[in-house]
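Listed below are the residues making up each chain.
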Amino acid sequence: MKILFTGASSFTGYWFVRELAAAGHEVIATFSTGGAAEYDELRARRVEECLRFCTPIWKCRFGDDRFLDTIATTNELGLLCHHGAYVKDYKSLDFDTLAAVRSNTLKLQQVLQSLQENGCNR
């Protein structure tokens, strides 16, 4: 099955991608940056390792135009795994929870409609 995966640069995201690929799935992973070198040292190494198990889509966030285009142009997409979340400074007392939710669900209705129109029902 082809799986569109967000959040592959995270610790748990890497392991999900690796295990999905090991189970025989084709994983297409979105990354918000332009490449592994744009992450800090530890995350950059994890992303480089992750690239062994997935096809990357760079500069792509959930709900943005590139994300919607990826859904529309990927044949036989079987599953969306929305593991990624924007939670920068989540431990801060100033963390804006509502802004984070808005960011993490950008154009959610359009994303779900596009998935359904393109045959992805999971």
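Fair warning: this is a prediction, and the values are worked out from it, not measured in the lab.

**Quick look at the state of the cysteines**
Reasoning step 1: Inspection of every chain in the model, using the stated rule, returns zero disulfides.
Reasoning step 2: Cys50 carries a free sulfur, and the closest cysteine sulfur to it, the one in Cys54, is 4.0 Å from it.
Reasoning step 3: Cys50 gets classed as buried once you look at its relative accessible area, which sits at 0%.
Reasoning step 4: Lacking any disulfide linkage, Cys60 is separated from the closest cysteine sulfur, that of Cys54, by 12 Å.
Reasoning step 5: We classify Cys60 as buried; its relative accessible area is 2%.

**Description of the pattern of salt bridges**
Reasoning step 1: The tally for this structure, following the rule as stated, stands at four salt bridges.
Reasoning step 2: Residues Arg45 and Glu41 are paired through a salt bridge, measuring 3.1 Å at the closest nitrogen-oxygen approach. Of this pair, Arg45 and Glu41 are both found in helix α2 (residues 41–50), four residues apart, which corresponds to roughly one turn of the helix.
Reasoning step 3: On the basis of relative accessibility, which here comes to 48%, the residue Arg45 falls in the partly exposed class.

**Some thoughts on the packing of helix α1 (residues 11–22) against α2**
Any two packed helices are characterised by the angle at which their axes cross and by the distance between the axes.
Reasoning step 1: Two elements in contact, α1 and α2, have axes whose closest approach is 10 Å; the angle formed by their N-to-C orientations is 10°. By the angle class used here, α1 and α2 are roughly parallel. Where α1 approaches α2, its residues Phe11, Tyr14 and Val17 are matched on the opposing element by Arg46, Glu49 and Cys50.

**So, helix α5 (residues 108–117)**
Reasoning step 1: Those residues of α5 lying buried are Val111, Ser114 and Leu115. Summarising the axial view, the buried residues of α5 lie within an arc of 100°, below the 170-degree limit, and thus occupy one face. Looking at α5, the residues exposed on the side facing more than 90 degrees away from the buried face are Gln109, Gln116 and Glu117.
Reasoning step 2: In this fold, the buried residues of α5 make contact with α3 (65–73) and β4 (77–82).
Reasoning step 3: Immediately downstream of α5, the backbone of Gly119 shows phi near 90°, a positive value.

**Considering α2**
Reasoning step 1: Within the span of α2, buried status applies to Ala44, Arg46, Val47 and Cys50. Projected onto a plane normal to the axis of α2, the buried residues spread over an arc of 165° and lie on a single side. Exposed and facing more than 90 degrees away from the buried side of α2 are Glu41 and Leu42.
Reasoning step 2: Buried residues along α2 sit in contact with α1.

**A word on the side chain of Ser114**
Reasoning step 1: With respect to the helices and strands, Ser114 occurs in helix α5.
Reasoning step 2: Residue class for Ser114 comes out buried when judged on its relative accessible area of 10%.

Cut-offs used in this document
- Residues numbered from 1 in each chain as written.
- Predicted model: local features only at pLDDT ≥ 70, side-chain atom pairs only at ≥ 80, totals over all residues.
- Heavy atoms only, no water.
- Disulfide = S-S within 2.5 Å.
- Buried < 20%, exposed > 50% of the residue type's maximum accessible area, 1.4 Å probe, protein only.
- Salt bridge = Lys/Arg side-chain N within 4 Å of Asp/Glu carboxyl O.
- Helix = DSSP H or I, 4+ residues; strand = E, 2+ residues; numbered from the N terminus.
- Axes fitted to C-alpha atoms, helices over the stretch in contact; angles between N-to-C directions.
- Parallel < 35°, antiparallel > 145°, perpendicular 65-115°, else oblique.
- Contact = heavy atoms within 4.5 Å.
- Arc of directions from axis to C-beta.

By themselves, these are just geometric observations and shouldn't be taken as functional.
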